[in-house]
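The chain contents come next:
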Amino acid sequence: MPVGVQAPEASPGRYRRRRDEDDDDGGGGGGCDDVLGVDVVDNGADPFDIPAKRASVERLRRWRQAALVLNASRRFRYTLDLKKEEEKEQIRRKIRAHAQVIRAALLFKEAGEKNAPTELPGLANLLKTNSEKGIHGDEADLACRANAFGANRYPRKKGRSFLVFLWEACQDLTLVILIIAAVISLVLGIATEGIKEGWYDGASIAFAVFLVIFVTAVSDYKQSQQFQHLNEEKQNIQVEVIRGGRRFQVSIFDIVAGDVVALKIGDQVPADGVLISGHSLAIDESSMTGESKIVFKDHKSPFLMGGCKVADGYGTMLVTAVGLNTEWGLLMASISEDNNEETPLQVRLNGVATFIGIVGLSVAAMVLVVLVARYFTGHTTNPDGSPQFVKGQTSVKSTIFGTIKILTIAVTIVVVAVPEGLPLAVTLTLAYSMQKMMADKALVRRLSACETMGSATTICSDKTGTLTLNQMTVVRSVVGGIKLKSPADIENLSHVVTSLVREGIAQNTSGSVFEPELHMKFVEEKSKSSIIHVSPFNSEKKRGGVAVIVGDSDIHVHWKGAAEIVLALCTNWLDVDGKIHEMTPDKVDEFKNYIEEMAEESLRCVAFAFRNLDLVDVPNEDERVNWELPDNDLTFIGIVGMKDPCRPGVRDAVELCINAGVKVRMVTGDNLQTARAIALECGILTDSQASAPVIIEGKVFRAYSDVEREAVAEKIAVMGRSSPSDKLLLVKALKKKGNVVAVTGDGTNDAPALHEVVRWGRSVYANIQKFIQFQLTVNVAALIINVVAAISSGNVPLNAVQLLWVNLIMDTLGALALATEPPTDQLMKRPPVGRREPLVTNIMWRNLFIQAVFQVAVLLTLNFRGQDLLHLTQDTLDHANKVFNEFNSRKPEELNIFDGVSRNHLFLAVVSITVVLQMMKEQLHLCDCASPSSQNDEL
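Note that this is a predicted model, so its numbers are computed, not measured. (Residues numbered from 1 in each chain as written. Predicted model: local features only at pLDDT ≥ 70, side-chain atom pairs only at ≥ 80, totals over all residues. Heavy atoms only, no water.)

Asker: Which parts of the structure should I look at to understand the overall build of the protein?
Answerer: The helix and strand inventory of the protein stands at 30 helices and 24 strands. Residues counted as buried form 53% of the 939 residues belonging to the protein. Intrachain contacts of the protein at a sequence separation of at least 6 include 75% that bridge at least 24 residues. Carbon and sulfur atoms make up 57% of the accessible area of the protein, which amounts to about 41,600 Å² in all. (Helix = DSSP H or I, 4+ residues; strand = E, 2+ residues; numbered from the N terminus. Buried < 20%, exposed > 50% of the residue type's maximum accessible area, 1.4 Å probe, protein only. Contact = heavy atoms within 4.5 Å. Areas by Shrake-Rupley, 256 points an atom, 1.4 Å probe, with all protein chains shown as cover.)

Right under this line is the structure:
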């Protein structure tokens, strides 16, 4: 379910409008990455505060430069590669220039053949297709066309191999230093103590480093594969084609040459082709030409380029080229769309990582200075109490060996303290959440939309197709001034009336009927007249019209649309006998009563009207493009009331959102009575709320001043007869009041998924907080214990191998375990999280403080008094197991940390692997306990 999410405005001048998209029912269109888009003005603010979409390359570069990074390839994986972005833009410019040259050549050719239309029948015959019924569409036909003309796909660059990820993981500066230290330690150890005793320290560090590198590479490789799968799903757009006379929804990848494709507002042109027929068809070619200019298509300019968007009107096209034989295919194959994306939370976490890293570096530097000073002043002692360094007596080898150990410990503290895996946790949990939502048929096309949905405070939803099933059934009708109680009553109407009704239905539509169940032959009715001009339906006018010629000279202009709007345009009405009467005030009231009766039954009311036109009043064909169909002095034909039932589960979903502190508002093009009835049925309204300003009409809200709109915006639950601009005004007013607004429209087809998206969005934020608590607790405990021990005794209880092990659990396995926690019902009982609220809450600080104090107290007690307390004066100290803190971090706000743990199989698998590896490490440690050289490192 595509969703658009908007953040609250920080100040009146902070945001600027980018664009809004129309939808045919009064709402903003679906699609999470283009609905009511906003951009943040670059004003030199916090570099870690970026907009959710369309941030400038310079701004993205700035926050990277502000971050403390020891391994850029690891920290910035799964974020945009700015160098590649600039290279892509250069390629786009070249291909767009190519497209412009082709376009100029076509325009030049058209100028030379001013009135020569495209030879469409001949082209259709060459492609062995029918311009009305399309291709046969059986498997043999599709396979033959794919073999002859190619598939509608373009080659994608292969994903990076595992070895590339392994190489990138090796580029961490701190790990490289540790490997060098391990090699030197290994050489000196063997030279000093012999191979039997001297290999342990160096080999242990090297093994731990390589284990960290391997696990990091495996995690990154798996994550890359998941993103490739997600990207394929995002590009799998559904297209409407006509095959064998029937309309089908097929994948854009299954389009073949010869296909007849139906296009409407908002569609992407799936391949190159020529226009068969169309009405007011306007194409946005900016994706190919780079110019934001709308191009109108007709039989004189029929060529359509794949990858462009339909800006207005509708029509059908004949596909002539697919895949790499199109300019769009060449463009996409050249730039090879990446999966990486910047998200605001990811950037904020880099700010947190930088802060933690600075603290960690400071602590490491302090530990290094203290240990070096204690070592060379003779205050660092061996287990027998003798100093490790005596000036003039300690050999050079031993001095170097001791110094390398100290340096290794300091560098390892940096490895643990600088959380390069913190931003990775965002990517892990977002990708996991998006995959799970995709399994529920809710596709979120942008990571940032999923992330921001967790903070949504209000949802502005369209009605038709979102809260309802978009399955219209005519249940009431008034034609010729009388109610038709059953289809058989149509016999009571004169031939004049029925012919006008059939003509208006058949011609004033963009749809088609394959197996007619109506009391009319659809194709036959269309053949009785010819369309000469169309005024497509849009949500601003709330009506659509068509001019048809019947016979040689009779012109009928048919209009249909919102009942009360069409009624207001009528000066006459048609009775059952086909006679035209003047529209008196009493008759207007009678028709209005019919409309209100239908609306109160939750029916969508559509009215039909017509007028005759003289042939001399019709512009010639060249001037007809800009002709405005006359909509005055219309004759009222009738009204139909269509039932569009609420989706199953909508009421429950709305109730869950309300309980979660998310206000659901209906913004629709229907009249207020219909909107009110549906809102009551869905639970958006209660009987006590069904009055102004809770219910408001779009034109009334539009007439308010900015201050008045802000004052009333949060009270509005239902807005009827609204246009896309009305929805934009409402969203802007809500944002100024501090709301995070989710906008849904025609692209949304499952209202219960609104609740699911909010649930998963909150889960993303909660999982990030769990990981932060886990990481900070371990960081604080590890750093404090090492600092205190280093200053007091000159030794550190957690040596390099053990610190690397902690880092492995924390940065990779910990992120994997906690980032994949599924959402719980408890999440939907909390209020929304503000976009500017701190990542570390008071509850997290409380948990962090208690856990850190507990761990530090236990570790210091074991470090200084452990042998005496446990009567193990001849044995080494055991260290606290970090696994249990991972359980504590699962439920930061609850006492029962094990609730639901059995349902998270990945968490249990990670913990099990951690325990097994811990036991293996301890076995290696016990085997070496007898070694005198190793005992010095254990306390």
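Having put the structure on the table, let's press on.
Asker: Looking at this structure, how should I read helix α6 (residues 162-169)?
Answerer: What sets the pattern is the α-helix's 3.6 residues per turn: residues three or four places apart point alike. Of all the residues in α6, the buried ones are Phe165, Glu168 and Ala169. All buried residues of α6 fall inside an arc of 100° around its axis, so they share one side. Residues of α6 that are exposed and point over 90 degrees away from its buried face: Leu163 and Trp167. (Arc of directions from axis to C-beta.)

Asker: Got a minute to help me understand the environment of Phe591 in this structure?
Answerer: Turning to its location among the elements, Phe591 is positioned in helix α19 (residues 585-600). Along the primary structure Phe591 and Leu567 are separated by 24 residues, whereas in three dimensions their C-alpha atoms are 8.1 Å apart. What Phe591 contacts, discounting residues up to four positions off in sequence, is Val478, Gly481, Leu567, Trp573, Met583, Phe636 and Ile639.

Asker: Teacher, can you tell me more about the environment of Leu908 here?
Answerer: Tracing the chain through its elements places Leu908 in helix α29 (residues 905-927). Taking the relative accessible area as the measure of exposure, Leu908 reaches 31% and is therefore partly exposed.

Asker: When you look at the nonpolar core in this model, what are you seeing that I'm missing?
Answerer: Looking at soluble globular proteins, one finds that nonpolar side chains tend to be buried together. With 34 residues, the main nonpolar core has Met666, Cys682, Ile684, Leu685 and Val718 as its most contacted residues. Of all the secondary-structure elements, those providing two or more residues to this core are α14 (422-439), α15 (447-453), α20 (650-659), β21 (663-667), α21 (672-682) and α25 (752-793). Looking at which element gives the most residues to this core, the answer is α21, with 5 residues. When we break this core down by domain, the ones giving at least three residues each are domain 3 (420-454 + 754-924) and domain 4 (457-469 + 647-739). When residues no more than four places from it in sequence are discounted, the contact partners of Cys682 are Leu467, Cys646, Val650, Arg651 and Val654. (Core = buried A, V, L, I, M, F, W, Y, C linked by side-chain atoms within 4.5 Å. Domains from an automatic or database assignment.)

Asker: I tried to follow the packing of aromatic side chains on my own but got confused; where do I start?
Answerer: Describing an aromatic ring pair means giving the distance of the ring centres and the angle of the ring planes. Tallied over the full model, the rule gives 10 aromatic pairs. Between the aromatic rings of Phe165 and Tyr221, the centroid separation amounts to 5.9 Å while the plane-to-plane angle is 65°, which identifies the pairing as edge-to-face. Within this pair, whereas Phe165 is found in helix α6, its partner Tyr221 is found in helix α9 (residues 200-235), the two being separated by 56 residues in sequence. Classification of Phe165 as buried rests on a relative accessible area of 2%. (Phe/Tyr/Trp six-rings, centres within 6.5 Å; stacked < 30°, edge-to-face > 60°.)

Asker: Looking at this structure, how should I read the pattern of salt bridges?
Answerer: Oppositely charged side chains may form a pair once their charged atoms are brought near each other. Tallied over the entire structure, the rule returns 15 salt bridges. In this structure, the salt-bridge partner of Asp141 is Arg145, at a minimum N-O distance of 2.9 Å. Separated by 4 residues within a single helix, Asp141 and Arg145 lie in helix α5 (residues 139-149), roughly one turn from each other. Residue Lys297 is joined to Glu285 by a salt bridge in which the shortest nitrogen-to-oxygen separation is 3.1 Å. One end of the pair, Lys297, is in the loop between β8 (294-296) and β9 (303-304); the other, Glu285, is in the loop between β7 (272-284) and α10 (286-289), with 12 residues separating them in the sequence. Like Glu285, Lys297 is buried. (Salt bridge = Lys/Arg side-chain N within 4 Å of Asp/Glu carboxyl O.)

Asker: What should I look at first to understand the pairing of strand β14 (residues 529-538) in this one?
Answerer: Remark: a regular strand shows side chains that alternate across the two faces of the sheet. Note that β14 and strand β15 (residues 543-550) share 7 bridges and pair antiparallel. Bridging from a neighbouring strand, His533 pairs with Ala547 of β15. In this structure, the hairpin formed by β14 and β15 is closed by a connection of 4 residues, where Lys542 is found at a positive phi of approximately 65°. (Pairing = 2+ DSSP bridges.)

Asker: Looking at this structure, how should I read unusual backbone geometry?
Answerer: A negative phi angle characterises most non-glycine residues, just as the trans form characterises most peptide bonds. Backbone geometry at Asp633 places phi at a positive 50°, although glycine is not the residue there. The topology assignment puts Asp633 in the loop between β19 (603-613) and β20 (634-643). Here the phi dihedral of Arg721 falls at roughly 45°; this positive angle occurs in a residue that is not glycine. Within the secondary structure, Arg721 sits in the loop between β23 (718-720) and α24 (724-736). Residue Arg721 is classed as buried on the basis of its relative accessible area, which comes to 10%.

Asker: Explain the packing of α19 against α21 here, please?
Answerer: Each pair of packed helices can be described by the angle between their axes along with the distance between the axes. Two elements in contact, α19 and α21, have axes separated by 7 Å at closest approach and are oriented at 15°. Considering their axes alone, α19 and α21 lie roughly parallel with respect to each other. Every pair of crossing elements has a handedness; the one defined by α19 and α21 is right-handed. Of α21, the residues touching α19 (which contributes Glu596, Ala599 and Glu600) are Gln673, Thr674 and Ala677. Looking at the contact of α19 with α21 residue by residue, the classes come out as 2 nonpolar, 2 polar and 2 charged. (Axes fitted to C-alpha atoms, helices over the stretch in contact; angles between N-to-C directions. Parallel < 35°, antiparallel > 145°, perpendicular 65-115°, else oblique. Left-handed = near helix turned anticlockwise from the far one by under 90°. Nonpolar A, V, L, I, M, F, W, Y, C, P; charged D, E, K, R; others polar.)

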